[in-house]
Every structure is written in structure tokens, then in C-alpha cells.
Amino acid sequence: PDRKRAVLDRDALRILPEAAPAQDAYLLPLEQGFCEIAGTDVAIWAYLKENQETVTKQATNVYNLYTELQVRFDTIKGRIFLRPLAEGDRILQGGMHKKIRKLYGQVGVPLYLRGQLPLLCDDDGVLAVPGICLRDGSLPRQGEKALYIGIYLRKQNHFE
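Residues numbered from 1 in each chain as written. Predicted model: local features only at pLDDT ≥ 70, side-chain atom pairs only at ≥ 80, totals over all residues. Heavy atoms only, no water.

**Quick look at the confidence of the model for the protein chain**
Summary statistics for the protein chain give a mean pLDDT of 79 and a share of 81% for residues scoring 70 or more. Of all secondary-structure elements in the protein chain, the lowest mean pLDDT belongs to strand β6 (residues 60–62), at 52, while strand β10 (residues 96–99) reaches the highest, 96. (pLDDT = per-residue confidence, 0-100. Helix = DSSP H or I, 4+ residues; strand = E, 2+ residues; numbered from the N terminus.)

Shown next, in the form of C-alpha cells:
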């Protein structure tokens, strides 16, 4: 009723707006400043920080509505861009290639958010899974140039 749908996600029943028609996959080159991913509820802030003073040990996730991460600039290979999760995506973490779908399940990312969260990629593959992890060797150290990225989920209309 009222163009809503019920989704069972782990131990919660969520009432969500009617699912939007499947959109074409996007590939968004990342640039400094603010941008929005068309057809999604995701907004991105990105900028470079010189002489990194404080380092976040891992990606930060705040109530599934906002996540931020910092990537060591010199570890970015080629172009940097955002794209949605694809079948078989993996990230190098702890010396092992881990399936991103499995990581989402381990940390409890709700099913309805998994398709919305963009992956940060470069020419070598997935560089960061927002809110979860960075590729090995990508965490900036004291005094290094870093790319700072904040990802906002703007419209989260659901009941838990």
C-alpha cells in the first residue's frame, strides 16, 4: 500500500519506498569538491589534504548515513572513480583478496544499502569499500598527502 514495500533484512523488517527501476551502472570520475551520483541518494565530498596530521585507522561509518575515509595519495594507480558493486568484486585486505559481498555481510551492512554505496576504485581495482576498509597499503601516515572522501546517503526513509 502507498507504494511501499517490506524487506526482511537480518533481524529487522524495514518498510521502504517502492523500489526504483534498475538503473544503468555508473562510472563517475572522482574530482575534488562536491558531486552527486545521478539516480542515487549518494553525495560525495572529496579533497586533498597535505601533510596529514591525524590518521583514521580505518574507514569511519556513522549510523549508515555518512562514511568517511582517507587514502594515501601516492597509492592511487591511474584514474580514480566511483562505481557500484559488481559481481565478484574483491579487495586486498590483510594480505588476502576478500569478497566485498562477504565483507558487507560480516559487518552487517543492510541489504538495501549495499547497492547504494559506491566503491572507490582505481585502475588496479577496488581501492576502498566505504565504511569498511581500504586496500592494503592505502592508509595514509603522518605527514603524507591524502585524499579525503566523505560519502553521504541523503534520503533514508525507512522504519525499523
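**Section: the pattern of salt bridges**
Two side chains that carry opposite charge are able to pair once their charged atoms sit near each other. Per the counting criterion, the structure on display carries seven salt bridges. The residue Arg 72 makes a salt bridge to Asp 74 at a minimum N-O spacing of 2.7 Å. The buried category is assigned to Arg 72, whose relative accessible area is 14%. Residue classification places Asp 74 among the exposed positions, given a relative accessible area of 53%. Residue Glu 144 pairs with Arg 141 through a salt bridge whose shortest N-O separation is 3.8 Å. (Salt bridge = Lys/Arg side-chain N within 4 Å of Asp/Glu carboxyl O. Buried < 20%, exposed > 50% of the residue type's maximum accessible area, 1.4 Å probe, protein only.)

**A look at the side chain of Arg 114**
Structurally, Arg 114 is set in helix α2 (residues 111–114). Engagement of the side chain of Arg 114 in a polar contact is seen with the backbone oxygen of Val 109, the distance being 2.8 Å. (Polar contact = N/O pair within 3.5 Å; in protein donor to acceptor, adjacent residues only side chain to side chain.)

**Brief notes about helix α1 (residues 100–107)**
Taken together, the buried positions of α1 are Ile 100, Leu 103 and Tyr 104. Projected down its long axis, α1 shows its buried positions confined to an angular sector of 100°, all on one face. Of the residues in α1, the exposed ones pointing more than 90 degrees away from the buried face are Lys 102 and Gln 106. For α1, the elements touching its buried residues are β9 (90–93), β10, α2, β11 (119–122), β12 (125–129) and β13 (133–134). Two residues or fewer after α1 comes Gly 108, characterised by a positive phi angle close to 80°. (Arc of directions from axis to C-beta. Contact = heavy atoms within 4.5 Å.)

**Looking at the sheet that holds β11**
Pairing is antiparallel across the open sheet formed by five strands, whose spatial order is β3-β8-β11-β12-β13. The sheet is open, and its two borders are formed by β3 (28–29) and β13, each paired with just one other strand. One ladder, built from four bridges, connects strand β8 (residues 80–83) with β11; its direction is antiparallel. The residue bridging Phe 81 from the neighbouring strand is Cys 121, located in β11. (Pairing = 2+ DSSP bridges.)

**Comments concerning the nonpolar core**
In this structure, Leu 30, Tyr 104, Leu 120, Val 129 and Ile 149 are the most contacted members of the largest nonpolar core, which totals 38 residues. Discounting chain neighbours no more than four positions away, the residues touching Val 129 are Ile 91, Ile 100, Tyr 104 and Leu 119. (Core = buried A, V, L, I, M, F, W, Y, C linked by side-chain atoms within 4.5 Å.)

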